[in-house]
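One-letter residues, chain by chain:
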Amino acid sequence: MYHLSPEDKSCEVKLDKLVEAALLSGGGDLDVAVFSPDQIPVEDSLAEVCRKPGCSNFGLSPGCPPYVPGPSAFRQWLQKSSHALFVRINVPAERLFSYERRDIMMLLHETVAAIENAAFQLGYSEAKAFAGDSCKNIFCFEHPDCRVLAGSGKCRNPGSARPSMSGFGVNVSRLKTEAEWAAAPDTGEACFNDSSMTAVYGLILVSN
């Protein structure tokens, strides 16, 4: 799926190349929607949910609150961006809500990072990718702490780990509706069966 608003037509060729790169990024069953930055909904109240006791990931990594600059910084990045790519990786619900969840979330991080790199190659020098969940739980779960936060070294996975959209207040549910994905197979843990599908989501801001 590929949505391109009329005001974006002048950049269609370049965006087509980026979308093609996204679809070939190795992210499995991937959908892509392209938005203008002013279509990305950001809400301070959603970022507040990330704080304890609302989220167990609070304070675990540099990609989650309180170590991200939050909605105000994200709005500034949107003002400097020319487009935003919203991506969805479709997965069987029974896999996402099993021991395989970590692998799926790792795939999401690696996919948006690959799209970010493709954007760099196309001249979007200020591209920024965002995923979901804590990179500490995904990439460094076997380590006692995050090396960056502990002050003991550099990130172990700088090429893959990306900050979570939640900490910036991005309203993913509204984006799904705008992308016309609201009616797509998508379910919660409590109501899935062997054939149920769900999805994980990421966002890439691109600007020259």
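Remember, predicted model here, so these are calculated numbers, not experimental data. Counting from 1, residues in each chain are numbered in the order their sequence is written. Totals for whole chains, interfaces and linings use every residue, but because this is a predicted model, local features are given only for residues with pLDDT of at least 70 and side-chain atom pairs only at 80 or more, for both listing and counting. Values reported for side chains reflect all heavy atoms of the structure, with hydrogen atoms and water molecules removed beforehand.

J.: Sorry if this is basic, but what is going on with a nonpolar patch on the surface here?
T.: The patch calculation keeps residues exceeding 30% relative accessible area without a salt bridge and links them within 9 Å when they carry like charges or within 5 Å when they are nonpolar (Val, Leu, Ile, Met, Phe, Trp, Tyr). With residues, only the protein chains shown are counted as cover, and all accessible areas are computed by Shrake-Rupley using a 1.4 Å probe. Basic side-chain nitrogens of Lys or Arg form a salt bridge, by our definition, when they fall within 4 Å of a carboxyl oxygen of Asp or Glu. Residues Tyr67, Val148 and Leu149 make up a contiguous nonpolar surface patch of about 250 Å² in total accessible area. As for its position among the elements, valine 148 is in helix α7 (residues 147-150). Strands are runs of DSSP state E lasting at least two residues, helices are runs of H or I lasting at least four, and both sets are numbered from the N terminus onward.

J.: Is there a simple way to explain the packing of aromatic side chains in this structure?
T.: Two measures describe an aromatic ring pair: the distance that separates the ring centres and the angle between the ring planes. Two aromatic rings, drawn from Phe, Tyr or Trp (for Trp, its six-membered ring), form a pair once their centres lie within 6.5 Å of each other, and the interplanar angle then sorts them: stacked below 30 degrees, edge-to-face above 60, tilted otherwise. Enumeration over the complete set of coordinates arrives at nine aromatic pairs. Relative to phenylalanine 168, the ring of phenylalanine 130 lies with its centre 5.2 Å away and its plane at 75°, an arrangement referred to as edge-to-face. Of the two residues, phenylalanine 130 is situated in strand β3 (residues 128-130) and phenylalanine 168 in the loop between α7 and α8 (172-178); the sequence distance between them amounts to 38 residues. For phenylalanine 168, a relative accessible area of 2% corresponds to the buried category. Residue exposure (1.4 Å probe, protein chains only): buried if accessible area is under 20% of the type maximum, exposed if over 50%, otherwise partly exposed.

J.: Is there a simple way to think about helix α3 (residues 70-80) in this case?
T.: Turn by turn, an α-helix covers 3.6 residues, leaving residues three or four places apart pointing in a common direction. All of the buried residues in α3 are Gly70, Pro71, Ala73, Phe74 and Leu78. Along the axis of α3, the buried residues cluster in a sector spanning 160°; they form a single face. Exposed residues pointing more than 90 degrees away from the buried face of α3 are listed as Gln79 and Lys80. The criterion used for residue contact is that any of the two residues' heavy atoms lie within 4.5 Å. Against the buried residues of α3 lie α2 (44-48), β3 and β4 (197-206). The arc in question is the one spanned by the directions pointing from the helix axis to the C-beta atoms.

J.: I would appreciate a short explanation of the pattern of salt bridges in the present structure.
T.: A pair can form between side chains of opposite charge whenever their charged atoms are brought close. One pass over the structure, following the stated rule, counts seven salt bridges. Arginine 88 is paired through a salt bridge with aspartate 31; the nearest N and O atoms lie 2.5 Å apart. Placement of arginine 88 in strand β2 (residues 83-92) and of aspartate 31 in strand β1 (residues 29-35) is noted, with a sequence separation of 57 residues between them. With respect to class, arginine 88 is no different from aspartate 31; both count as buried.

So yeah, pure geometry; function would need other evidence.
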